[in-house]
Amino acid sequence: LKKENGLSAYLNYREMGGSEDERHAAAAWLRARIPDAAADRLLICPGTQTAILALLMTLTAPGDVILTETLTYPGLKAAAAYLGVGLVGVAMDANGILPDALEQACVRHAPKALYLVPTIHNPTTATLPPDRRRAISAIVAKHGLHLLEDDAYGALDPGAVPLAALAPEQTYHMASLSKCIAPGLRVSLLLTPSRAQAAAA
């Protein structure tokens, strides 16, 4: 790959979605928790809020329903309201969203997607246990949902297996550097289910 020297790298707009080198570095970092993370499925975004908005614009239309935990990230609420997408909260307990309640909500609301913060949930700090992660992944697959996994704090709990490792065909995984490394690193890594979906996002 051609290397840029001096100030030239800072005098032009950066490549949309990140350069090849950047995406390979990001994939290598993610593979510690998601073994099949690949550079051609990755996009580098200027923060998770940007990634959420881009995903909602790509995957939903006004009037669609997205399921979330009963308490959810305010940034998702803002993006959904802006785009006319409905949010429906699903019951949760001290360990996070309840699979039985999720199944009922899928039948009742015919949602387009499920948005979750499964590890160190914002704002409750709940972390889904392994058996519940497997149950939720099965429900997502059964109903053909897009799973938007906001893994902003996941790197702080390396023992928690991301949902993207359990349901890779359906999961859009967002990993944030600003939350787990330093606030000034306004970088989010968006791992999509496939190369085609990375190109569409």
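Structure: above.
None of these values were measured; they are calculated from a predicted model.

### Topic: the sheet that holds strand S1 (residues 42–45)
Here's step 1: The sheet built from seven strands is open, its strands ordered S1-S9-S8-S7-S6-S2-S3 with mixed pairing. Each having just a single partner strand, S1 and strand S3 (86–90) make up the two edges of the open sheet. Strand-to-strand twist across the sheet, computed as the mean angle between neighbouring axes with direction ignored, equals 20°.
Here's step 2: Where S1 meets strand S9 (residues 188–191), four bridges bridge the pair, whose relative direction is antiparallel. Considered in S9, the bridge of Leu 42 is made with Leu 191.
Here's step 3: Where helix H2 (residues 48–59) meets the sheet, it contacts S1, strand S2 (65–69), strand S6 (113–116), strand S7 (146–150), strand S8 (171–176) and S9, and its direction lies at approximately 165° from that of S8.

### Observations concerning the pattern of salt bridges
Here's step 1: Counted by the stated rule, this structure contains five salt bridges.
Here's step 2: Here Asp 151 makes a salt bridge to Arg 33, at a shortest N to O gap of 2.4 Å. Placement of Asp 151 in the loop between S7 and helix H6 (163–166) and of Arg 33 in the loop between helix H1 (20–30) and S1 is noted, with a sequence separation of 118 residues between them. Here the two residues Asp 151 and Arg 33 agree in accessibility, since each one is buried.

### Considering the packing of H2 against helix H3 (residues 74–83)
Here's step 1: Two numbers describe how H2 lies on H3: the axes approach to 10 Å, and their chain directions differ by 35°. H2 and H3 meet at a crossing whose hand is right-handed. On the side of H2, the interface is formed by Gln 49, Ile 52, Leu 53, Leu 56 and Met 57, while H3 contributes Gly 75, Leu 76, Ala 79, Ala 80, Tyr 82 and Leu 83.
Here's step 2: Residues of the contact of H2 with H3, tallied by class, amount to nine nonpolar, two polar and no charged.

### A look at the packing of helix H4 (residues 99–109) against helix H5 (residues 130–143)
Here's step 1: As a packed pair, H4 and H5 sit with axes 10 Å apart at the nearest point and diverge in direction by 10°. It follows that H4 is roughly parallel to H5 by the angle criterion. Contact residues: Pro 99, Leu 102, Glu 103, Cys 106 and Val 107 in H4; Arg 132, Ala 135, Ile 136, Ile 139, Lys 142 and His 143 in H5.
Here's step 2: The residue inventory of the contact of H4 with H5, partitioned by class, reads seven nonpolar, one polar and three charged.

### A word on H3
Here's step 1: Among the residues of H3, those classed as buried are Gly 75, Leu 76, Ala 79, Ala 80 and Leu 83. Projected down its long axis, H3 carries its buried residues within an arc of 130°, all on one side. Seen from the open side of H3, the exposed residues pointing more than 90 degrees away from its buried face are Pro 74, Ala 81 and Tyr 82.
Here's step 2: Summarising the contacts, the buried residues of H3 are in contact with H2, S2, S3 and S6.

Basis of the calculations
Residues numbered from 1 in each chain as written. Predicted model: local features only at pLDDT ≥ 70, side-chain atom pairs only at ≥ 80, totals over all residues. Heavy atoms only, no water. Pairing = 2+ DSSP bridges. Helix = DSSP H or I, 4+ residues; strand = E, 2+ residues; numbered from the N terminus. Axes fitted to C-alpha atoms, helices over the stretch in contact; angles between N-to-C directions. Contact = heavy atoms within 4.5 Å. Salt bridge = Lys/Arg side-chain N within 4 Å of Asp/Glu carboxyl O. Buried < 20%, exposed > 50% of the residue type's maximum accessible area, 1.4 Å probe, protein only. Left-handed = near helix turned anticlockwise from the far one by under 90°. Nonpolar A, V, L, I, M, F, W, Y, C, P; charged D, E, K, R; others polar. Parallel < 35°, antiparallel > 145°, perpendicular 65-115°, else oblique. Arc of directions from axis to C-beta.

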